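Structural features, examined
Read off the chains here:
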Amino acid sequence: MEKIAIIGAGTMGHCFAMLFAQGGHQVCLNDTSEGILDRAKRLISANLETLAQADLFDLKERPAVEARIKYTTDLAQATAGADLVIEAIFEDVQAKKELFRELDRLAPPEAVLASNTSYLDIYKYVETGRPEKIIITHWFAPPHIIPLVEIVPGPQTSSETIAFTKKILERLGKTTIVLKKYLPGFIANRLQMAINLEVLYLLDNGYATAEEIDTAVKSSFALRTPLIGVVQRFDFTGMDMIQRALKNKAYQPPEVRGRSDAVDALVAQGRMGVVSGKGFYDYEGRSTEEIMRKRDINLLKLRNFLGELE
Ligand SMILES: NC(=O)c1ccc[n+]([C@@H]2O[C@H](COP(=O)([O-])OP(=O)(O)OC[C@H]3O[C@@H](n4cnc5c(N)ncnc54)[C@H](O)[C@@H]3O)[C@@H](O)[C@H]2O)c1
């Protein structure tokens, strides 16, 4: 079993550590303070309970899984003997650049160094003596529930590195897609951003309320999307119809403004979303943990149900 080092124990990193430990790997989880690592330990324990509630984990296994994860603030210790290092630190060019320089120095020369960056073209600025072993693995939150990992090789990433990364992720049960080359936002975030732009256009211009937009989505294309995606849908519509719809140019995408009145108003009122108990919706005093857990259990139930369909 390969040894894994995870750098950054925040929203994404603690889940990566848990998933690899569940897969039988020895894992070292690194962050800058003991306090953050203690929080990660507590979150992993809570995640395993959520998985158990959805019948996807036997809590009898928890001590063994937890024993496979070591926690350290020492990067040299974290990367010693690692076959794969995944960084999930802040989305900041300088921070990632400095970290990769250190990883190059400290990790075994044969180790693959992966970044979970959402948007950054790390291949442009990472200085490394092992360009063939650098790769982007872009996961989705919450990573122990959402199956996809987009694998994005750089111009010098070797086919062996791609194959190794793909195999190790698929062994964990992840769904992988290998993009041909880097582009900002990869696949899923580009599509999500296009939707975000349109949603904020509708809200900012008073066409509909948040609830109405969500009702429209959940009661229409969101229902068929898990079954036929967004491309196969063209087959059901028929290409002649698609061709006609393209030709009449009735739809013009909104302008990219770099801000939204609706979002700015919520931020000004401290309505930051689930973390503050209010955002577009009011969570009526329920704790962030409670709201997240309910969402996670429902997502797991839905994922299981969809997995059973032909
Ligand atoms: N949160 C998401 O939904 C999501 C989804 C996909 C990709 N990503 C990407 O994953 C990465 C991490 O995101 P996140 O949401 O987990 O961030 P986060 O802020 O929750 O956690 C980042 C962690 O990295 C630690 N850190 C910062 N610099 C460090 C260093 N030099 N060494 C060790 N630890 C360091 C911080 O202390 C923090 O605990 C980012 O690149 C982000 O774009 C996030």
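Not measured: the values here are computed from a predicted model. (Residues numbered from 1 in each chain as written. Predicted model: local features only at pLDDT ≥ 70, side-chain atom pairs only at ≥ 80, totals over all residues. Heavy atoms only, no water.)

What follows covers the side chain of Glu-87. Relative to the helices and strands, Glu-87 is located in strand β4 (residues 84–87). Residue Glu-87 is classed as buried on the basis of its relative accessible area, which comes to 0%. Reaching out from Glu-87, the side chain makes a polar contact with the side chain of Ser-115 at a distance of 2.4 Å. What Glu-87 contacts, discounting residues up to four positions off in sequence, is Ile-7, Lys-96, Leu-99, Phe-100, Ala-114, Ser-115, Asn-116 and Thr-117. (Helix = DSSP H or I, 4+ residues; strand = E, 2+ residues; numbered from the N terminus. Buried < 20%, exposed > 50% of the residue type's maximum accessible area, 1.4 Å probe, protein only. Polar contact = N/O pair within 3.5 Å; in protein donor to acceptor, adjacent residues only side chain to side chain. Contact = heavy atoms within 4.5 Å.)

A few words on the packing of aromatic side chains. Evaluation of the coordinates by the stated rule reveals four aromatic pairs. Connected via pairs of aromatic rings, a cluster forms that spans Phe-16, Phe-20 and Trp-139. (Phe/Tyr/Trp six-rings, centres within 6.5 Å; stacked < 30°, edge-to-face > 60°.)

Where the parts come together, the accessible area they lose is often given as the size of the interface. Here the protein is partitioned into domain 1 (3–178) and domain 2 (188–308). Look at where the C-alpha atoms of domain 1 and domain 2 centre, and you get two points 28 Å apart. Domain 1 puts 18 residues into the contact, and the matching count from domain 2 is eleven residues. For the pair domain 1 and domain 2, the summed buried surface comes to about 1200 Å²; carbon and sulfur atoms form 59% of the total. Counting across the interface, domain 1 meets domain 2 through three residue pairs in polar contact (both at pLDDT 80 or more). Of all the elements, helix α2 (residues 34–53) adds the most residues to the side of domain 1 that touches domain 2, at five residues. Residues that form the side of domain 1 that touches domain 2 fall into these classes: eleven nonpolar, five polar and two charged. (Domains from an automatic or database assignment. Buried area = accessible area lost by both parts, 1.4 Å probe. Nonpolar A, V, L, I, M, F, W, Y, C, P; charged D, E, K, R; others polar.)

So, about the sheet that holds strand β3 (residues 69–72). Sheet strands pair by backbone hydrogen bonding; their relative direction is either parallel or antiparallel. Strand order in this open sheet of eight strands is β3-β2-β1-β4-β5-β6-β7-β8, and the pairing throughout is mixed. The open sheet has two edge strands, β3 and β8 (175–178), and neither has a second partner. Between one strand and the next, the sheet's axes are offset by a mean angle of 25°, whatever the strand orientation. Where strand β1 (residues 3–7) lies against β4, four bridges are found, and the strand directions are parallel. Along β4, the bridge assignment pairs Ile-6 with Ile-86. Running over the sheet, α2 touches β2 (26–30) and β3 and is turned about 155° from β3. (Pairing = 2+ DSSP bridges. Axes fitted to C-alpha atoms, helices over the stretch in contact; angles between N-to-C directions.)

On to the pairing of β2, then. Taking burial as the measure, the five residues of β2 include four buried ones, the bulk of the element. For β1 and β2, the ladder comprises five bridges, and the chain directions are parallel. By the bridge assignment for β2, Ile-6 is matched with Leu-29. Both β2 and β3 contribute to a ladder of four bridges, which runs parallel. Each residue of the ladder has a partner; that of Asn-30, found in β3, is Thr-72.

A few words now on the site of the ligand. Surrounding the ligand, one finds 20 residues, the nearest of these being Asp-31, Glu-91, Lys-96, Asn-116 and Ser-118. In this structure, Asn-116 approaches the ligand through a side-chain N or O atom, which is 2.8 Å from an oxygen atom. Protein contacts shield 77% of the accessible area of the ligand, which totals 830 Å² for the unbound molecule. Tallied by class, the residues present in the shell around the ligand amount to eight nonpolar, nine polar and three charged. (Near = heavy atom within 4 Å. Areas by Shrake-Rupley, 256 points an atom, 1.4 Å probe, with all protein chains shown as cover.)

Our focus in this paragraph is the state of the cysteines. This model, assessed by the stated rule, comprises zero disulfides. A disulfide-free cysteine, Cys-15 has its sulfur positioned 18 Å from the sulfur of Cys-28, the nearest such atom. According to the relative accessible area criterion, Cys-28 is buried, its value standing at 8%. (Disulfide = S-S within 2.5 Å.)

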